[in-house]
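Summary of structural features
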Amino acid sequence: MEKEIICTVCPMGCHIFVEGEGDRIDRIEGFTCKRGEEYGRAEFSHPVRILTSTVKITGADQPLLPVRSEGPVPKELIPSCMEEIRNTVAKAPVGVHDVIIENICGCGVNIIASDTV
Amino acid sequence: MYETKCDVAIIGGGPAGLSAAVAAKKEGAEKVLIIERDVKLGGILQQCIHPGFGLTYFNKELTGPEYAGAFKEEAKKLSVDALLDAMVLSVDGEEKTVTCVCSEYGVTKIHAGSIVLAMGCRERTRAQIQIPGTRPAGVYTAGAAQRLINRQNIVVGKDIVILGSGDIGMIMARRMTLEGCKVHAVVEIMDYLAGLTRNKVQCLDDFGIPLKLSHTVTRIKGNERVEGVYIAEVDENKKPIPETEEFIPCDTLLLSVGLIPENEITRGAEIEISPVTNGPTVNQYMETSKEGIFACGNVVHVNDLVDNVTVESEKAGKYAAKYAKGEMPSRNRTVPSVCGNNVRYICPQTINISGEDEKISLYFRVMAPDTGVFLTASSAGKEIYRKKELRVNPGEMCHVVINAADITGDDVTISVVK
Ligand SMILES: Cc1cc2nc3c(=O)[nH]c(=O)nc-3n(C[C@H](O)[C@H](O)[C@H](O)COP(=O)(O)OP(=O)(O)OC[C@H]3O[C@@H](n4cnc5c(N)ncnc54)[C@H](O)[C@@H]3O)c2cc1C
Ligand code: SF4
């Protein structure tokens, strides 16, 4: 498989070309620096993203609590993570970085509060 | 009328106002008062639940509420006062008074030693870009839709077209998609992306949302509610090419077509406004044309990174505290910063030469994207600064630092050269 990846590590936005299959990378070029190469490899084999959203909250003077994944989650799990987030209701008081959903979708990452409510 | 006093009065409790308040306290101002029309502090960051804040200031990636939260906490620790649910109506630049209406005291007059303007900006609306067609419901500015979805749990539509490829527009494309909406296109009149590449990758490409460069919305269709929009390619003069017009059925059009600094109060106080930034002109202390009145954040110029807002706001807060204590640097002579090749505007617009040894930061934007360039500063025909830059882009602020002692001429010219 061949993939063109735009590096997002710095504003240069280099276009990195990667060829390979799964974890195996046969060819990678187009990066300008080491950080870009690492990004290109990771983005090819295991793309991950920070996920942010909101969950409903009760007992507060606002209807929503902003939340985020504590670390990056696998990109392909994002739709199922959103499903779980949609079905979650938090209860005030909540402190910033309190765990709201533990180990979301079994990927080992917690969903935590982005704010104190 | 209720009257009160403080050393530093700050109008607006967004990241700019909060950072200025913290810095003013640290500089030794005793009573620092933030006046905010919202019921909560944090400004626009309260609705910016996405990550991307704090990469340069905190060296980690935070969401908007987390970034604002860090400053709210510090302000609380340092006993910064806040008057919430309080709308500022006017500022008197000579008397140094602020008049506001608030739910707690009614009409209130605040006598201050110095004042910091930190009112942020508002979004351009349909009226300012003049899209023809009917006037149905379902046309929102992206920021208004963001506030509704992220703070009030209201999703404004199901089938969306977004006009403008700025960061707010792209971030809303992702947000609406995650909430189950279908974003049919992001339409951009320029032939390049207005926002960060990273947002194109993570907000559009990740979800297969088409980006239509050199296109614009030509008409809106619908009587009660939006039924769709017509889009067309534009020629090099930004005029739509009729043959390329196509119809996209949708129920919502989001506008992400730029921000305008919120400066009614500034104009009322007869402070000089730059026709380029639409914000007050400032010197390196972030002081406006009226001595003792400072300004910072999006009210001065539209910032893409809140980290830069914090840095300039700390300056405003620090010197506002100094002014209130009568400790401003001496004012020997003032020189303007001048836009040279490919520079659209520079902030600060003027530099006070105090005679003190001082490093002066100049932030500026280029007019057109370019690669492999040098950022240069010169004074009295002599180059006093040169830095290599791999790439410059109108969407990303550039930055140079010069020594006050090197400014020997009547101005400083910033240029971007090959
Ligand atoms: C949708 C969106 C997405 C963004 N994404 C990013 C990002 O990913 N990364 C990043 O670094 N930056 C981002 N930014 C930019 C960043 O949020 C801004 O640069 C920053 O918030 C500006 O801070 P400010 O304090 O100047 O303005 P604001 O946050 O707008 O605060 C101004 C405050 O002043 C108050 N006010 C105004 N007028 C009055 C009055 N008359 N009386 C009393 N109070 C008043 C307002 O209520 C508000 O609370 C984004 C901005 C937006 C809008
Ligand atoms: S490869 Fe290096 S230089 Fe290029 S965008 Fe990535 S981090 Fe920046």
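Residues numbered from 1 in each chain as written. Chains lettered and ligands numbered in written order. Predicted model: local features only at pLDDT ≥ 70, side-chain atom pairs only at ≥ 80, totals over all residues. Heavy atoms only, no water.

Turning our attention to the domain arrangement of chain B. All names here are of chain B. The domain architecture assigned to chain B consists of domain 1 (1-123 + 259-328), domain 2 (125-257) and domain 3 (331-418). Just the C-alpha atoms count here: the centres of domain 1 and domain 3 sit 26 Å apart. Facing the 22 residues of domain 1 at the interface are 18 residues of domain 3. Considering only the side of domain 1, the residues that lose the most area to domain 3 are Gln 284, His 301 and Asp 304, jointly responsible for 31% of the buried surface there. Counting across the domain 1 and domain 3 interface gives 3 salt bridges. As a salt-bridge pair, Arg 365 and Asp 304 come within 3.3 Å of each other at their nearest N and O atoms. On the surface where domain 1 and domain 3 come into contact, there are 9 residue pairs in polar contact (both at pLDDT 80 or more). When grouped by side-chain class, the residues that make up the side of domain 1 that touches domain 3 number 10 nonpolar, 8 polar and 4 charged. (Domains from an automatic or database assignment. Contact = heavy atoms within 4.5 Å. Buried area = accessible area lost by both parts, 1.4 Å probe. Salt bridge = Lys/Arg side-chain N within 4 Å of Asp/Glu carboxyl O. Polar contact = N/O pair within 3.5 Å; in protein donor to acceptor, adjacent residues only side chain to side chain. Nonpolar A, V, L, I, M, F, W, Y, C, P; charged D, E, K, R; others polar.)

Residues and elements named next belong to chain B. Taken as a whole and assessed by the stated rule, the structure comprises 9 aromatic pairs over all chains. Look at Phe 58 and Tyr 67: their rings are 5.4 Å apart centre to centre, the planes differ by 75 degrees, and that puts the pair in the edge-to-face class. Members of the aromatic cluster, connected to one another through ring pairs, are Tyr 57, Phe 58, Tyr 67 and Phe 71. The side chain of Arg 386 reaches across the aromatic face of Phe 374, ending 4.5 Å from its centre. (Phe/Tyr/Trp six-rings, centres within 6.5 Å; stacked < 30°, edge-to-face > 60°. Lys NZ or Arg CZ within 6 Å of the ring centre and 35° of its normal.)

What follows covers the domain arrangement of chain A. Looking at chain A, the domain boundaries give domain 1 (2-46) and domain 2 (52-113). Centre-to-centre separation of domain 1 of chain A and domain 2 of chain A, based on C-alpha positions: 30 Å.

A few words on helix α1 (residues 15-26) of chain B. Residues and elements named next belong to chain B. Its 12 residues give α1 an end-to-end C-alpha distance of 16 Å, which sits within 8% of 16 Å, the value for a rise of 1.5 Å per residue. Buried residues dominate α1, accounting for 11 of its 12 residues. Residues Pro 15, Ala 16, Gly 17, Leu 18, Ser 19, Ala 20, Ala 21, Val 22, Ala 23, Ala 24 and Lys 25 constitute the buried set of α1. The positive-phi residue at the C-terminal boundary of α1 is Gly 28, with phi of around 105 degrees. (Helix = DSSP H or I, 4+ residues; strand = E, 2+ residues; numbered from the N terminus. Expected span 1.5 Å × (residues − 1). Buried < 20%, exposed > 50% of the residue type's maximum accessible area, 1.4 Å probe, protein only.)

Let us now look at the site of ligand 1. Residues and elements named next belong to chain B. Looking at ligand 1, there are 31 residues lining it, with Ala 16, Glu 36, Ile 44, Asn 298 and Val 306 nearest. Contact distances for ligand 1 include 3.3 Å between an oxygen atom and a backbone N or O atom of Pro 15. One of the side-chain nitrogen or oxygen atoms of His 50 is found 3.1 Å away from a nitrogen atom of ligand 1. The fraction of the free accessible surface of ligand 1 (1,000 Å²) that becomes covered by protein chains is 93%. Mapped onto the shell around ligand 1, the elements with two or more residues apiece are α1, β3 (51-53), β6 (86-92) and α8 (306-324). In terms of residue count, the dominant contributor to the shell around ligand 1 is β6 (3 residues). Its residues placed into classes, the shell around ligand 1 shows 17 nonpolar, 11 polar and 3 charged. (Near = heavy atom within 4 Å. Areas by Shrake-Rupley, 256 points an atom, 1.4 Å probe, with all protein chains shown as cover.)

Further remarks concern the side chain of Lys25(B). Residue and element names in this part refer to chain B. Among the structural elements, Lys 25 can be located in helix α1. There is a polar contact of 3.5 Å between the side chain of Lys 25 and the backbone oxygen of Leu 78. When neighbours within four sequence positions are excluded, Lys 25 is seen to be in contact with Glu 30, Val 32, Leu 78, Ser 79 and Val 80.

Residue and element names in this part refer to chain B. If you trace the 5 strands from one edge of the open sheet to the other, you get β22-β20-β27-β24-β25, paired in mixed fashion. Unpaired on one side and paired on the other, β22 (350-353) and β25 (382-392) mark the two borders of the sheet. With strand direction ignored, the average angle separating the axes of adjacent strands in the sheet is 20 degrees. (Pairing = 2+ DSSP bridges. Axes fitted to C-alpha atoms, helices over the stretch in contact; angles between N-to-C directions.)

Turning our eyes to something else, we now look at the interface of chain B and chain A. Contact residues are listed per partner, giving 26 residues for chain B and 25 residues for chain A. Both faces combined, the contact of chain B with chain A buries some 2,200 Å², and carbon together with sulfur accounts for 55% of it. The tally of links between chain B and chain A comes to 5 salt bridges. A salt bridge links Lys75(A) to Asp206(B), with the shortest nitrogen-to-oxygen separation between them at 3.2 Å. At the junction of chain B and chain A, the tally comes to 12 residue pairs in polar contact (both at pLDDT 80 or more). Elements with a minimum of two residues in the side of chain B that touches chain A: β4 (62-63), α2 (64-77), α4 (142-151), α5 (167-178), α6 (197-204) and β25 of chain B.

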